[in-house]
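These are the residues of each chain, in order.
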Amino acid sequence: MGNRWWAVRWLGLLAMRGVATASPDSEASVPEEQPRSGSSLARLEVATLALLPRSGGEAEGFVQLEPTLILDGGPEFGLNLGAPVRLRAWDRAGRVRREDWDHLSDWGQLVRGLKLGSDAAPVGVWLGALEDYSLLSAHLVRRYSNQTNPDYHPAGGFLTGTVGPLYTEAFASDVLGARLMGAEVALDVGRVLFGAGHSPGRYSLAVSAVHDWGRARGSAPSVTLARLDADGRLAVQVLERNLEVAVKGLGVGLGRPGARYLGAAEARWRIVEGKRYAVATGGTLLFLDVDGALRPGAFASVGLGADNAR
């Protein structure tokens, strides 16, 4: 159907909160509030919606019913179910918009979000819509969204795992169809060399690969991408940690023709009891060329800043 504009006017809202509350009389018998094990939310939203084509054609009007069920099980579990059901307001009134449910992948929109495992867990899983998603270092997948097509409503997902200094993440843009999928494995070299107490992410070696099956409604050819990157930073602090000098390097596409190597140096001087700092940095970056290609170039900058982290 092509790109379209959406216009929405809310008509009604029905919500029910599934959280137990204590009566005023119970406060005397219960000195402390017990920790809540979970909560839930059930809601039905009703709206009118107009679907307008960018050029040509006629406007389509809908009555949209959007049920929602949310289960909050704490930091380790969360579930958000629901999807908009669009009923035609005129021209075959009452019929469900076929384009929202005519593909197996469209049924993935029923799962808006499923979380298993917290950020601190060794294994974590997320299913649902992907908005502004980046695969670890974002060298191959950066700020990706699977929600840009108004007639394609997939549920994506990603899996994270940590074993010692090894960190991995795998993702799929459509768990019910063959579309974009990939994985990246990163080794925390600093932890290997200096032990578990070393700051994570200072030195890393990563390899990533992405494959586009091109089967989202059969519109694109199959493509595979793979790349080996290395990223590292070395810093030293002197003068009671008020002066920090750091060098960092980045290797992109190692072992392949056209590999790029970038480097930079930075000096940071803390003043006013550490609450302000002066910084100077310089090195190489990748700049976007007129034809869309990336080319290395030099840069330098100086400035002042504020830091309350200490």
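Described below are features of the structure shown in this document. In this text, all values refer to a predicted model and were calculated from it rather than measured experimentally.

Calculation criteria
- Residues numbered from 1 in each chain as written.
- Predicted model: local features only at pLDDT ≥ 70, side-chain atom pairs only at ≥ 80, totals over all residues.
- Heavy atoms only, no water.
- Salt bridge = Lys/Arg side-chain N within 4 Å of Asp/Glu carboxyl O.
- Helix = DSSP H or I, 4+ residues; strand = E, 2+ residues; numbered from the N terminus.
- Buried < 20%, exposed > 50% of the residue type's maximum accessible area, 1.4 Å probe, protein only.
- Core = buried A, V, L, I, M, F, W, Y, C linked by side-chain atoms within 4.5 Å.
- Contact = heavy atoms within 4.5 Å.
- Pairing = 2+ DSSP bridges.
- Polar contact = N/O pair within 3.5 Å; in protein donor to acceptor, adjacent residues only side chain to side chain.

**Digging into the pattern of salt bridges**
For the structure on display, the rule yields 12 salt bridges. Note that Asp-151 is salt-bridged to Arg-97, the shortest N-O span being 2.8 Å. Here Asp-151 is found in the loop between strand 7 (123-128) and strand 8 (156-163), whereas its partner Arg-97 is found in the loop between strand 5 (85-88) and strand 6 (111-116), with 54 residues between them in sequence. Here Asp-151 and Arg-97 have matching classes, each one buried. Two residues, Asp-212 and Arg-179, come together in a salt bridge whose shortest N-O distance is 2.3 Å. Residue Asp-212 is found in strand 11 (residues 203-212), and its partner Arg-179 is found in the loop between strand 9 (166-172) and strand 10 (180-188); the two are separated by 33 residues along the sequence. By relative accessible area, which is 18% here, Asp-212 ends up buried.

**Things to note about the nonpolar core**
Of all hydrophobic cores here, the largest spans seven residues; its members are Leu-130, Tyr-133, Leu-135, Val-141, Phe-171, Leu-180 and Val-210. Ignoring anything within four residues of it in the chain, the contact list for Phe-171 reads Leu-130, Tyr-133, Leu-135, Val-141, Gly-157, Phe-158, Leu-180, Met-181 and Gly-182.

**Focus on the side chain of Ser-105**
Looking at the element boundaries, Ser-105 is found in the loop between strand 5 and strand 6. We classify Ser-105 as buried; its relative accessible area is 1%.

**Considering the pairing of strand 6**
Sheet analysis places strand 4 (residues 77-82) next to strand 6, joined by five bridges and oriented antiparallel. Along strand 6, the bridge assignment pairs Asn-80 with Gly-113. Of the strand pairs in this sheet, strand 6 and strand 7 are connected by four bridges, and their pairing is antiparallel. Bridge pairing links Lys-115 to Trp-126 in strand 7. Between strand 6 and strand 7, which pair antiparallel and follow one another directly, the connecting turn spans six residues, one of which, Gly-117, has a positive phi of 95°.

**Observations regarding the side chain of Glu-266**
Along the polypeptide, Glu-266 turns up in strand 14 (residues 260-271). Assessed through its relative accessible area of 16%, Glu-266 is described here as buried. Polar contacts involving the side chain of Glu-266 include one to the side chain of Arg-268, which spans 3.3 Å. Residues contacting Glu-266, with those up to four places away along its chain left out, are Arg-233, Glu-244, Val-245, Ala-246, Val-279, Ala-280 and Thr-281.

**Looking at the pairing of strand 7**
Here six bridges tie strand 7 to strand 8, and the two strands are oriented antiparallel to one another. Paired with Gly-124 across the two strands is Thr-160, which belongs to strand 8.

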